[in-house]
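Listed below are the residues making up each chain.
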Amino acid sequence: MTIDRLSEGMILVTLMRDDMTRYSLDFNDDADGERTRRGLTRLMVRVGTECGLDHHNKCYLIEALPGKESCLLIISVRADTSRRRYRVKRENTVDVCRFLTIDDLLLWMRRPESGRLGYSLYVLSDSYYLLPEYPLTNAERAALNEFGVVTRESPVAVARVREHGKRLQEHPRRRHVKYAPRSAVI
């Protein structure tokens, strides 16, 4: 863990994975918010002692930028206010499946679950990219991983595939009608 005091009111803290575990910091959607708050409080006590901060009548705005193996905290020291704010900026990623050969792609397309998935198919640099309409479920990800490689990519990488690749096929997701009108029944 590194603590850098940039100015009188700004502190930059870099946490590695073991530091995040030590302070019980987990910024996932399903993480326990109370444990994270307690961990941030313990961390702020340490940051305060190392930077020589007086916690009396102070308020901290903590912006957490979590990554895969580390986390960056931007701490703004302010005059005391009655309201606490917690803001977690999450990395925005999209599911992408890359098939190395056309044979792998064709084998996957013969499977029944391929018809239920909405996607666009592109070819770029001798690789075939399947861009799903919606985030993949665990079952869909497992089925695609049998034939290709499913990764989480940034929206910029997906836009690059859409812009520079050649679209081969677009397959909209099938919608299931729960109740059909009686006039449609023959």
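The rules behind the values
Residues numbered from 1 in each chain as written. Predicted model: local features only at pLDDT ≥ 70, side-chain atom pairs only at ≥ 80, totals over all residues. Heavy atoms only, no water. Phe/Tyr/Trp six-rings, centres within 6.5 Å; stacked < 30°, edge-to-face > 60°. Buried < 20%, exposed > 50% of the residue type's maximum accessible area, 1.4 Å probe, protein only. Helix = DSSP H or I, 4+ residues; strand = E, 2+ residues; numbered from the N terminus. Pairing = 2+ DSSP bridges. Axes fitted to C-alpha atoms, helices over the stretch in contact; angles between N-to-C directions. Polar contact = N/O pair within 3.5 Å; in protein donor to acceptor, adjacent residues only side chain to side chain. Contact = heavy atoms within 4.5 Å.

Colleague: For the packing of aromatic side chains, give the residues involved together with the corresponding values.
Modeller: Two descriptors summarise a pair of aromatic rings, namely the distance from one centre to the other and the angle between the planes of the rings. Summed over the entire model, instances satisfying the criterion amount to 2 aromatic pairs. Relative to tryptophan 108, the ring of phenylalanine 99 lies with its centre 6.1 Å away and its plane at 40°, an arrangement referred to as tilted. Considered together, phenylalanine 99 and tryptophan 108 belong to a single accessibility category, that of buried residues. Relative to tyrosine 119, the ring of tryptophan 108 lies with its centre 5.6 Å away and its plane at 70°, an arrangement referred to as edge-to-face. Taken together, the residues tryptophan 108 in helix 3 (residues 102-109) and tyrosine 119 in strand 7 (residues 119-124) connect sequence positions 11 residues apart.

Colleague: Run through the sheet that holds strand 7, naming residues and quoting values.
Modeller: The strand order 9-6-8-7-10 describes an open sheet built from 5 strands, whose pairing is antiparallel. Since the sheet does not close on itself, it has two edges, and those belong to strand 9 (149-153) and strand 10 (166-171), each with one partner. Averaged over all pairs of adjacent strands, the angle between strand axes in this sheet comes to 25°, irrespective of strand direction. For strand 7 and strand 8 (residues 127-132), the ladder comprises 6 bridges, and the chain directions are antiparallel. Among the inter-strand pairings, valine 123 is bridged to a residue of strand 8, identified as tyrosine 128.

Colleague: Residue-level account of the environment of leucine 65, with values.
Modeller: Residue position: leucine 65 is located in strand 3 (residues 58-66). Its relative accessible area of 30% is what places leucine 65 among the partly exposed residues. As for leucine 65 and threonine 14, which are separated by 51 residues in sequence, their C-alpha atoms are 9.7 Å apart.

Colleague: Which residues make up the side chain of serine 127, and what are the values?
Modeller: By the element assignment, serine 127 lies in strand 8. A distance of 3.0 Å separates a polar atom in the side chain of serine 127 from a polar atom in the side chain of arginine 98. Apart from residues no more than four positions distant in its own chain, serine 127 is found in contact with Arg98, Phe99 and Tyr122.

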